[in-house]
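# A structural walkthrough
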Amino acid sequence: MTTRDRLTYFIYHHRTGLSVWTLALVLSLFPFYYDNPYILGITNLVAINVIVVLGLNLFIGYAGQISLGHAAFFGLGAYGSAIFTVYYHVWPWPAMALSALLVALTALVIGVPVLRLSGHYLAMATLGFNIVIYSVLVQWDEVTGGPSGFAGIPPLSIGSLLINDEFRFHYVVWGVVLVLCTLSLNLVRSGVGRGLAALAVDERVAGSLGVNSAREKVKVFILSAVFASLAGSLYAHCFCFVNPDTFGIFASLDFVIMVVVGGMGSIWGSLLGAGLLTVLPEFLDTFESVKDIIHGLILVLILLFLPQGFITGLLDLIRTNLALRRRKNVKA
Amino acid sequence: MLKLNNISKRFGGLPALSEVTFYVTKGKITALIGPNGAGKSTLINCISGIIPADQGSILFEEKEISGLQAHEIARRGVARTFQNLRVLPRLSVLENVLCGLTVKSDHSFLKAMLRLPALRHQERFLRLKAMESLDLFGLTKKADWPMAALPYGDKKKVEMARAFVANPGIVLLDEPVAGLNSEETARIGVLVKQMRTAGHTMLLVEHDMELVMDISDHVVVLDSGRCIAQGTPEEIRHNPLVLEAYLGKIGAAA
Ligand SMILES: Nc1ncnc2c1ncn2[C@@H]1O[C@H](COP(=O)(O)OP(=O)(O)O)[C@@H](O)[C@H]1O
Ligand SMILES: [Mg+2]
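Everything quoted here is computed from the prediction, not taken from an experiment. (Residues numbered from 1 in each chain as written. Chains lettered and ligands numbered in written order. Predicted model: local features only at pLDDT ≥ 70, side-chain atom pairs only at ≥ 80, totals over all residues. Heavy atoms only, no water.)

### As for the site of ligand 1
Residue and element names in this part refer to chain B. Rules: Throughout, the term near means that a residue has one or more heavy atoms lying within 4 Å of the molecule or strand in question. Counted as a polar contact is a pair of N or O atoms within 3.5 Å, where, for protein atoms, one must be capable of donating a hydrogen and the other of accepting one, and residues adjacent in sequence contribute only when both atoms are in side chains. Note on areas: Shrake-Rupley, 1.4 Å probe, and residue coverage restricted to the protein chains presented here. Helix and strand labels come from DSSP, where a helix needs a run of H or I of at least four residues and a strand needs a run of E of at least two; each type is numbered from the N terminus. Residues are grouped as follows: Ala, Val, Leu, Ile, Met, Phe, Trp, Tyr, Cys and Pro are nonpolar; Asp, Glu, Lys and Arg are charged; all remaining types, including Gly, are polar.
What surrounds ligand 1 is the set F11, A16, P35, N36, G37, A38, G39, K40, S41 and T42. Side-chain polar atom of T42 to an oxygen atom of ligand 1: 2.5 Å apart, as the coordinates give it. Protein chains bury 54% of the 550 Å² of accessible surface belonging to ligand 1 in isolation. Counting residues per element, the shell around ligand 1 draws most heavily on helix α1 (residues 40–47), at three residues. Split into classes, the residues belonging to the shell around ligand 1 amount to four nonpolar, five polar and one charged.

So this is what it looks like as structure tokens:
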């Protein structure tokens with residue numbers, strides 16, 4: 001082996017780790033080039049969405065299920081953190097963990113009966129769950145502040161350092177993204193991840209490969225709900241204010257669109273999908289009123305033409321074509 | 001090894017299997033033949049726990065497995081392929097074969113997410129095993145190809161490699177050569193024989209009489225859900241009942 005071969009092999013063998021480290025480097029330098037708080041505000045929001053989409057992609061993209069209710073878990077995380085810190089004076093970090101724990105329990109209780117369903121029925125059930133949670137957030141105003149929102153949530157702090165501007169929050173939220181991204185990448189590259197992929201094909205295959213479909217579905221549902229909850233808590237501590245409208249069914253739909261745009265079952269695609277759909281509306285201010293229509297159209301078009309998702313769909317096409325060309329060459 | 005006793009199954013009142021009884025011997029190829037709709041796939045589904053049998057007992061390695069769920073049966077060492085190819089289209093060839101090793105892997109999400117050194121070592125070991133299996137099936141060069149780029153015959157081989165990779169106690173093969181041309185059929189036949197030489201036990205569902213007569217040690221004939229004959233390929237070839245029920249029908253169809 002020449003040095004160059006060895007280098008290529010090294011890069012190929014450690015490609016996942018290297019990608020994560022490269023991303024970390026770029027992200028840690030980013031605020032020094034763009035120290036504009038407006039830009040950082042947007043990229044921080046991207047990061048929060050990425051966290052939800054990572055989890056949702058494990059559930060939708062890998063395990064082949066569907067949820068139109070993840071904004072509810074996002075909201076429960078946000079309001080959980082708000083309530084624990086403001087009413088019970090819990091510190092923000094433990095409040096975040098506590099909310100995530102409660103959301104995990106909620107997901108367990110919801111998931112066991114609901115995940116027996118599949119397809120449209122599962123979509124409707126999770127949508128229903130989202131509507132219920134949204135109504136509670138709006139109606140129970142003595143606790144949640146009702147439609148006008150919940151203000152006065154304290155920011156995060158590390159030691160005595162308050163995370164109270166975009167610059168500092170950038171490091172916290174993208175740090176969380178990197179950690180969760182690594183955990184997700186590890187998961188899909190393991191036996192558990194392959195079991196989830198088999199589940200997406202059909203439950204009979206999963207069963208014949210020793211995968212307990214019912215249990216694995218609930219587990220991945222809980223995991224994705226916890227991701228959403230963490231994102232919600234970060235959201236609450238970032239803006240110090242939450243409003244039920246952030247957690248309605250259109251938000252759930254947007255998360256699904258982010259998964260689909262980025263690509264079903266692609267961890268890296270989650271970053272792209274969340275990025276594109278968070279940044280796009282900022283450039284299309286004038287279209288604010290028709291935003292949901294545009295998002296809906298994007299969803300329909302992608303599902304029609306590239307059902308595996310936009311980015312992964314394209315990549316799959318390219319990979320398959322390359323392999324087919326190689327196959328021809330082998331024969332010739 | 002595998003003992004089926006009085007297995008019956010009805011679909012909405014219509015009997016698909018009635019009182020099927022036979023044994024599969026360790027290290028041998030037992031063939032299950034019969035005309036279309038005889039209930040062969042249904043029987044495979046009952047054994048692998050995908051659909052529960054209405055009555056009867058299934059003993060695998062002297063233990064009752066009927067009533068267990070599919071994943072429990074798989075983890076006890078019953079592997080299978082499907083009549084209609086069931087591979088994971090978005091994964092690579094190697095990853096598809098690795099899927100066959102999920103029966104051996106841990107369920108823990110937490111361990112998988114942390115990817116501690118122990119898991120990393122295990123993963124490397126599983127990869128080697130999967131590569132060995134691909135080697136047996138002559139697919140080493142295509143290990144990193146996406147499934148979508150493979151020709152149909154190779155996809156069938158990947159599914160077989162996936163079934164054999166975990167070294168299961170028995171492999172149930174549901175029509176492994178359906179849809180293949182005679183050249184590919186012969187190649188699969190050679191592979192199945194190789195697997196027997198390597199010590200694997202198989203229950204082979206097959207239409208292709210020539211292949212069955214060539215490679216199997218014991219033949220069971222199913223017709224309309226009933227077991228009408230069993231014996232060595234030679235005995236089956238000359239059994240008048242079989243000629244009438246099975247070959248007769250094929251003759252009529254031809
Ligand atoms: N899930 C099912 N529901 C209803 N009927 C079924 C089902 N599966 C198989 N059958 C019926 O059972 C009979 C046996 O089918 P099958 O086991 O697929 O036959 P083979 O594999 O021998 O061709 C057929 O008449 C078929 O229509
Ligand atoms: Mg069949």
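### Quick notes on the pairing of strand β4 (residues 55–60) of chain B
All names here are of chain B. What counts is decided by this rule: What makes two strands pair is DSSP finding at least two bridges between them.
By the bridge criterion, five bridges tie strand β1 (residues 2–11) to β4 in an arrangement that is antiparallel. When the bridges of β4 are listed, S8 appears paired with Q55. As judged from the two bridges shared by β4 and strand β5 (residues 63–64), these two strands associate in the antiparallel manner. Paired with F60 across the two strands is K63, which belongs to β5.

### Points about the domain arrangement of chain B
All names here are of chain B. Worth spelling out the cut-off: Domain start and end points were adopted from an automatic or database domain assignment. Pairs of residues are marked as contacts when any of their non-hydrogen atoms sit within 4.5 Å. Here the quantity called buried area is the total loss of accessible area, with a 1.4 Å probe, experienced by two parts when brought into contact, counted for both. We define a salt bridge as a contact between a side-chain nitrogen of Lys or Arg and a carboxyl oxygen of Asp or Glu at a distance within 4 Å.
Split into domains, chain B comes out as domain 1 (1–77 + 168–254) and domain 2 (87–167). Taken together, the contact pairs 20 residues of domain 1 with 15 residues of domain 2. Taking both partners together, domain 1 and domain 2 bury about 1,500 Å²; carbon and sulfur atoms supply 69% of that area. Contact with domain 2 buries surface across domain 1, with R75, P168 and M195 losing the most and accounting together for 38% of the total. Inspection of the domain 1/domain 2 interface yields zero salt bridges. Between the two partners, domain 1 and domain 2, sit four residue pairs in polar contact (both at pLDDT 80 or more). Of all elements in the fold, only α2 (70–75), β7 (170–174) and α7 (182–197) reach the threshold of two or more residues within the side of domain 1 that touches domain 2. The element that contributes the greatest number of residues to the side of domain 1 that touches domain 2 is α7, accounting for seven residues. Class assignment for the residues of the side of domain 1 that touches domain 2 results in 12 nonpolar, four polar and four charged.

### Observations regarding the sheet that holds β4(B)
Residues and elements named next belong to chain B. This is how the line gets drawn: To get an axis, fit a line to the C-alpha atoms, keeping to the stretch in contact for a helix; angles then go from 0 to 180 degrees between the N-to-C directions.
With antiparallel pairing, four strands are arranged side by side in an open sheet as β2-β1-β4-β5. Each edge of the sheet is formed by a strand with only one pairing partner; in this case those strands are β2 (14–24) and β5. With seven bridges connecting them, β1 and β2 associate as antiparallel partners. Bridge pairing in β2 links L2 to V24. Here α1 sits on the sheet in contact with β1, β2 and β4, set at roughly 115 degrees to β1.

### Overview of the interface of chain B and chain A
If you look at the interface, chain B gives 39 residues, while chain A gives 38 residues. Summing the contributions of chain B and of chain A, the shared interface buries around 3,400 Å²; its carbon and sulfur component is 62%. Three residues stand out in chain B for area buried against chain A, namely R90(B), F109(B) and M113(B), and they jointly supply 24% of the buried area on that side. Here chain B is connected to chain A by three salt bridges. Between R90(B) and D316(A) there is a salt bridge, with its nearest N and O atoms 2.8 Å apart. Put simply, chain B and chain A have 10 residue pairs in polar contact (both at pLDDT 80 or more) between them.

### Looking at the coordination of the magnesium ion (ligand 2)
Residues and elements named next belong to chain B. Going by this rule: Only nitrogen, oxygen and sulfur atoms count as donors, using a 2.8 Å cut-off from the metal that widens to 3.2 Å for Na, K and Ca. Water is left out, so coordination shells may look unfilled. Only protein chains enter the accessibility calculation, which uses a 1.4 Å probe; a residue whose area is less than 20% of its type maximum is buried, one above 50% is exposed, and one in between is partly exposed.
Distances from the magnesium ion (ligand 2) to its protein donors, namely S41 (OG) and Q83 (OE1), fall within the range 2.1 Å. With S41 in helix α1 and Q83 in the loop between β6 (78–80) and α3 (93–99), this residue pair connects regions lying 42 residues apart in the sequence. By relative accessible area, Q83 is classed as partly exposed at 29%.

### Focus: the packing of aromatic side chains
Operational definition: Two aromatic rings from Phe, Tyr or Trp, using only the six-membered ring of Trp, form a pair when their centres are within 6.5 Å; if the ring planes differ by under 30 degrees the pair is stacked, by over 60 it is edge-to-face, and anything between is tilted. Both a distance and an angle decide whether a charge sits over a ring: NZ of Lys or CZ of Arg must be within 6 Å of the ring centre and within 35 degrees of the ring normal.
According to the stated counting rule, one finds 16 aromatic pairs over all chains in the structure shown. Plain terms: the ring middles of Y79(A) and F150(A) are 6.4 Å apart, the flat faces sit at 80 degrees to each other, and that makes the pair edge-to-face. Pair noted here: Y79(A) is in helix α4 (residues 70–87) and F150(A) is in strand β1 (residues 150–151), with a separation of 71 residues, a long-range link. Residue classification places Y79(A) among the buried positions, given a relative accessible area of 2%. On the basis of relative accessibility, which here comes to 6%, the residue F150(A) falls in the buried class. An aromatic cluster of at least three residues, connected via ring pairs, comprises F74(A), Y79(A), Y87(A), F150(A), Y235(A), F239(A), F247(A) and F255(A). Of note, K3(B) hangs over the ring of Y23(B), and the distance from its end group to the ring centre comes to 5.5 Å. The ring of W145(B) has K142(B) sitting right over it, with the charged end atom 5.6 Å from the ring centre.

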